[in-house]
Amino acid sequence: MADQKTLTFSIMDGPYENARTVTALRLIDIAARRGYNINVFAYEGAVSLSFAKQAAHANPVHGHDIDEEDHPLPKEWVSSLIKTAEANGGKVDWINCGLCVDERGVTESVDGTRRGTPADLWNAAASSDGTLVIGTK
Amino acid sequence: MKVLQVIDTAYRCTIEEQDDPVVWITAVMKGAGGELGVLLRGNAVNYAVKGQDASGLAFGGRKQTQPPKIDQDVQRLAQKGVQVFLVQEDASERGIDAAELVDGVETIPRTGVARLFDDYDQVWHW
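Reference entry: report on the structure contained in this document. (Residues numbered from 1 in each chain as written. Chains lettered and ligands numbered in written order. Predicted model: local features only at pLDDT ≥ 70, side-chain atom pairs only at ≥ 80, totals over all residues.)

1. Quick notes on the overall build of chain A
Across its full length, chain A carries five helices and five strands. When the helices and strands of chain A are placed in sequence order, the string is β-α-β-α-α-β-α-β-α-β. Taken over the C-alpha trace, chain A has a radius of gyration of 15 Å; the compact-globule value for 137 residues is 14 Å, and the two agree within 12%. By its C-alpha atoms, chain A is 50 × 35 × 25 Å across when sized along the principal axes. Of all 137 residues assigned to chain A, the portion counted as buried reaches 45%. Put simply, of all contacts in chain A between residues at least 6 apart along the chain, 72% involve residues at least 24 apart. (Helix = DSSP H or I, 4+ residues; strand = E, 2+ residues; numbered from the N terminus. Rg over C-alpha atoms; globule rule 2.2 N^0.38 Å. Buried ≥ 20, exposed ≤ 12 C-beta atoms within 10 Å, placed from the backbone. Contact = placed C-beta atoms within 7 Å.)

Structure, rendered in structure tokens:
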């Protein structure tokens, strides 16, 4: 792809906290559908987005059992974004800040993600067409 | 590549981390060869006030023995060659005098922020 862009996102919020996470995933999704190469540096709480032990649950307020609720888990969205990028000729390099992972004990992450360091963020940004930081507030 | 790190959210998880995550990641990337600057604005101007003391915290019997020393971390950044800027009006509005700031921090007027951005290839607003 001659005009294939590379974008880097650094995100910081954990799942189930606020709209910034969904906004970040929406932007990554658009880039993945366009076949861009995408680097994601998950910093601080964002390392939990790809935590493999996330589990769905029933929702008695909705009157739904676990299947009816069909609760999308952030780890599934991360996996899906990786597959979507690949299907469109791009790729996602999803990097979890290793020390942040250790602090939180979320050492098991879905396939296609990896541990990294701030140097990975720096190198990713340096080789990208643009960088967007979505920090927590 | 030159990157300006803009910090305005202050004291975000500084107790748990025992530092500020953006100040920290800036130091690590500088060590990895990055060329970075930091702009402290909003409540984060307080990071440059010297003599901060967050010691003494304990929950139950577990004491924090290594509390954050953000002012010293900021000063260390400057000593490592990271240019640290601070918005003068944001400090004045919070009653912070220039004499209270750690060494190595350069104050700029709010009207100078856009020009500062122009000196960098990327601006990362945390």
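Now that the structure has been shown, we can carry on.
2. Some words on the overall build of chain B
Scanning chain B from terminus to terminus reveals five helices and seven strands. Relative to the compact-globule value of 14 Å for 126 residues, chain B shows a C-alpha radius of gyration of 15 Å, a close match. With the principal axes as the frame, chain B shows a C-alpha extent of 50 × 35 × 20 Å. Taking all 126 residues of chain B together, the buried fraction comes to 33%. For chain B, the proportion of contacts with a sequence separation of at least 24, taken over those separated by at least 6, is 70%.

3. Describing the nonpolar core
Core analysis: the biggest nonpolar cluster contains 67 residues, and A:V40, A:A42 and B:L40 have the highest contact counts within it. The contact partners of A:V40, leaving out residues within four places of it in the chain, are A:F9, A:I11, A:I28, A:V92, A:W94 and A:I95. (Core = buried A, V, L, I, M, F, W, Y, C linked by C-beta atoms within 7 Å.)

4. Brief notes about the sheet that holds strand β7 (residues 122-125) of chain B
Hydrogen bonding along the main chain pairs the strands of a sheet, whether they run parallel or antiparallel. All names here are of chain B. Strands sit in the order β6-β5-β2-β1-β7 across an open sheet of five strands; the sheet is parallel. Looking along the sheet, the strands with just one partner apiece sit at the ends: β6 (105-108) and β7. Strand-to-strand twist of the sheet, defined as the mean angle between neighbouring strand axes without regard to direction, takes the value 25°. Taken together, the four bridges between strand β5 (residues 83-87) and β6 define a ladder with parallel strand orientation. Bridging across to β6, V84 finds its partner in V105. Strands in contact with helix α3 (residues 70-79) are β2 (35-40), β5 and β6; relative to β5, the strand with the most contacts, it is inclined by about 130°. (Pairing = 2+ DSSP bridges. Axes fitted to C-alpha atoms, helices over the stretch in contact; angles between N-to-C directions.)

5. Points about the packing of helix α1 (residues 19-33) of chain A against helix α3 (residues 74-87) of chain A
All names here are of chain A. Axis separation between α1 and α3 bottoms out at 8 Å; the angle between their running directions is 20°. Classified by the interaxial angle, the pair formed by α1 and α3 is roughly parallel. Every pair of crossing elements has a handedness; the one defined by α1 and α3 is left-handed. Across from L25, I28, D29, A32 and R33 in α1, the residues of α3 making contact are W77, L81, T84 and A85. (Parallel < 35°, antiparallel > 145°, perpendicular 65-115°, else oblique. Left-handed = near helix turned anticlockwise from the far one by under 90°.)

6. Some remarks on the interface of chain B and chain A
Facing 15 residues of chain B, the contacting portion of chain A comprises 14 residues. Secondary structure elements with two or more residues in the side of chain B that touches chain A: α2 (21-31) and β7 of chain B. Top contributing element to the side of chain B that touches chain A by residue count: α2(B), with four residues. When the residues that make up the side of chain B that touches chain A are grouped by side-chain class, the tally is ten nonpolar, four polar and one charged. (Nonpolar A, V, L, I, M, F, W, Y, C, P; charged D, E, K, R; others polar.)

7. A look at unusual backbone geometry
In this structure, A:D70 is a non-glycine residue whose phi angle is positive, near 45°. Position of A:D70 among the secondary structure elements: in the loop between α2 (66-69) and α3. In this structure, B:C13 is a non-glycine residue whose phi angle is positive, near 55°.

8. Some thoughts on the pairing of strand β5 (residues 130-134) of chain A
Residue and element names in this part refer to chain A. Burial of the side chains of β5 is restricted to one face: T131 and V133 are buried, whereas none of G130, L132 and I134 on the reverse face is. Bridge analysis of strand β1 (residues 6-11) against β5 gives five bridges, and the strand direction is parallel. Its bridge partner being in β5, T8 is matched across the sheet by T131.

9. Notes on α2(B)
Every buried residue belonging to α2(B) is among B:P21, B:V22, B:V23, B:I25, B:T26, B:A27 and B:M29, and all of these are buried. In this fold, the buried residues of α2(B) make contact with α5 (118-126) of chain A together with β1 (2-7), α1 (14-17), β2 and α3 of chain B. At the exit of α2(B) stands B:G33, carrying a positive phi of roughly 105°.

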